[in-house]
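# Structural characterization, general
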Amino acid sequence: MKNPLSIKDLVNLLYQNKEVIEMLFGNKDSVNKSEILAREDMTDEKLEKLVVNELIHENNNIISLDDRIMTFIEEFLEIGEVTTSFINDNIQALNEGLRYYHIDNNIKFLRNIKRSLKRINSTTSREVMKLHKNIDDTYKNQDNYVIKLQELEKYKRKRDDIINLIRESEQIVSDAQGFFNTIVDAELSSIVLELRYTLVRNRDYLNEIQSQIIDYINRIQHQSAIYKKIQRLKELKDYEELKYKTNYVDVVADIKAMFFHKRIPLKSRLSLDFLHTDHGYQLTQKVAGKLHLLRNSHRKPAGRMVAGFDDLNQEESSSLNIAGLVEKFMESQTDLFQFVLDYKFPEKAGDLTFEKRISLYVGITIDYDTQLTFSGKFGSMNFINEKKQKQRVGYAIVKANTKQRTAKQPSKEEAATS
């Protein structure tokens, strides 16, 4: 008889072979011995050590995990088959602990009572979650209708078993409540309160699962009936009797579904009048969103202009020929902001400050927007204001719209001053 492994040795052995354990757990009983020995991290000595310590089993060169390891991993991950026996065992342990503590008020029996209450809490929640997951997996992944119905009926019975165990647990806790009140133990009171809440929550959840199972069964029966009809139609078709023994052709001819008609692509363009309507605007916004043309729509709107911002250049406007300045810009290759910023104004206009040039830039974009092209791009620059404070200004990159140039070409003397 082999010597049992210590907990430390068991953990080390599992960790050293974690890739193989993961492989075996994922494939259940379908891993060949040669497939495992082909791994770089596995040798005959390592494999033999796992077999000797009964972590894995070998049968006709097929390697599988020991059932105890498999059960441990499934229980920890809350997967695998639903087993109500765990809940029942903990209920029996609770009854036994209560009975022993009545006979002898030993702290050891009180610890057993607390442990049983905690385990009823955890195992009930775990089995309910496994039940819900298995029901979904069966409905979505099982191909055979007969097996699918039988599996759901099985889970329906297990759902009833869990409901009965929950009611039994609630009855035991209710009957022992007076006894619990005589024990001055804050931890016990907290455990009992949490268990009551968990049992109520799981019972409500199981009621929803019951409705889900019934709905799944009804769907499967409906799908099964349709499948049988399709099989019958295929059988008639294979024997070339479909046209003569059924009215299949007449039924299909009366169906006006779209996929029975040839699709004709629409090539008409939307009119400009329609695009100017509210519905047309919504449509263009939707199309622009799909084409990612609204990538700058997340930008926050500019703040409110300071009252009288345009008054800053009222004095200069008498000596500036704005129209001539715009005409010069139309002949340039730069953007409007840099053009206004770098432009050398005549002496009579004086030295325009940075803030005044920004005001001039804003005024031109408002008054001459039809002659400009807004690229949708933005630039920024740092500057020091009149109060010697560092600031950063952002601006739209605006360029000349060459298609909108005026026919008149002013002279160089008229371009900037009157």
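Placed above this text is the structure.
Bear in mind that the values here come from a model prediction, so they are computed numbers and not experimental data.

Criteria and cut-off values
Residues numbered from 1 in each chain as written. Predicted model: local features only at pLDDT ≥ 70, side-chain atom pairs only at ≥ 80, totals over all residues. Heavy atoms only, no water. Pairing = 2+ DSSP bridges. Helix = DSSP H or I, 4+ residues; strand = E, 2+ residues; numbered from the N terminus. Expected span 1.5 Å × (residues − 1). Polar contact = N/O pair within 3.5 Å; in protein donor to acceptor, adjacent residues only side chain to side chain. 1 Å grid on protein atoms, 1.4 Å probe; cavity = no way out; pocket = protein on both sides within 12 Å on 5 of 7 lines; lining within 4 Å. Points joined across faces, edges and corners; volume = space filled by probe spheres on them. Nonpolar A, V, L, I, M, F, W, Y, C, P; charged D, E, K, R; others polar. Patch = residues over 30% accessible without salt bridge, like charges linked within 9 Å, V, L, I, M, F, W, Y side chains within 5 Å. Areas by Shrake-Rupley, 256 points an atom, 1.4 Å probe, with all protein chains shown as cover. Salt bridge = Lys/Arg side-chain N within 4 Å of Asp/Glu carboxyl O. Axes fitted to C-alpha atoms, helices over the stretch in contact; angles between N-to-C directions. Parallel < 35°, antiparallel > 145°, perpendicular 65-115°, else oblique. Left-handed = near helix turned anticlockwise from the far one by under 90°. Core = buried A, V, L, I, M, F, W, Y, C linked by side-chain atoms within 4.5 Å. Buried < 20%, exposed > 50% of the residue type's maximum accessible area, 1.4 Å probe, protein only. Contact = heavy atoms within 4.5 Å.

This part is about the sheet that holds strand β1 (residues 31–32). Ordered in space as β1-β3-β2, the 3 strands form an open sheet in which the pairing is antiparallel. Only two strands of the sheet have a single partner each, and these edge strands are β1 and β2 (56–59). Pairing between β1 and strand β3 (residues 62–65): 2 bridges, direction antiparallel. In the sheet register, Val-31 faces β3, and the bridge partner there is Ile-63.

With 53 residues, helix α10 (residues 186–238) should cover 78 Å at 1.5 Å per step; its first-to-last C-alpha distance of 76 Å lies within 8% of that length. One side-chain oxygen of the residue at the start of α10 lies 3.0 Å from the amide nitrogen of Glu-187, identifying that residue as Asp-185. Residue Glu-240 follows α10 closely and has a positive phi angle near 60°.

By the definition in use, this model includes 1 cavity of 30 Å³ or more. In this structure, the largest cavity spans a volume of roughly 30 Å³. Looking at the largest cavity, the residues that line it are Phe-337, Val-340, Leu-341, Phe-354, Arg-357, Ile-358 and Tyr-361. Of all the secondary structure elements, the ones that give two or more residues to the lining of the largest cavity are α17 (336–342) and α18 (354–367). Grouping the amino acids of the lining of the largest cavity by side-chain chemistry returns 6 nonpolar, no polar and 1 charged.

Turning next to a nonpolar patch on the surface. The grouping of Leu-233, Tyr-248 and Val-249 at the surface amounts to a nonpolar patch, some 260 Å² of accessible area in total. Among the structural elements, Tyr-248 can be located in helix α12 (residues 248–254).

Packing of helix α7 (residues 107–141) against α10 brings their axes to within 10 Å, and their N-to-C directions diverge by 20°. Classified by the angle their axes make, α7 and α10 are roughly parallel. α10 is crossed by α7, and the crossing has left-handed handedness. In terms of residue class, the contact of α7 with α10 is built from 19 nonpolar, 8 polar and 7 charged.

What follows covers the nonpolar core. Side chains of nonpolar character tend, in soluble globular proteins, to be buried together. Grouped together as the largest cluster of nonpolar side chains are 38 residues, with contacts concentrated most on Leu-98, Leu-117, Leu-131, Ile-135, Ile-162, Phe-180 and Leu-206. Elements with a contribution of two residues or more to this core: α6 (85–103), α7, α8 (145–175), α9 (177–181) and α10. When residues of this core are assigned to their parent elements, the largest contribution, 11 residues, is made by α10. Setting aside its immediate chain neighbours within four residues, Phe-180 contacts Leu-98, Ile-113, Leu-117, Val-173, Leu-188 and Val-192. Of all hydrophobic cores here, the second largest spans 23 residues; its members include Tyr-343, Tyr-361, Ile-364 and Leu-372.

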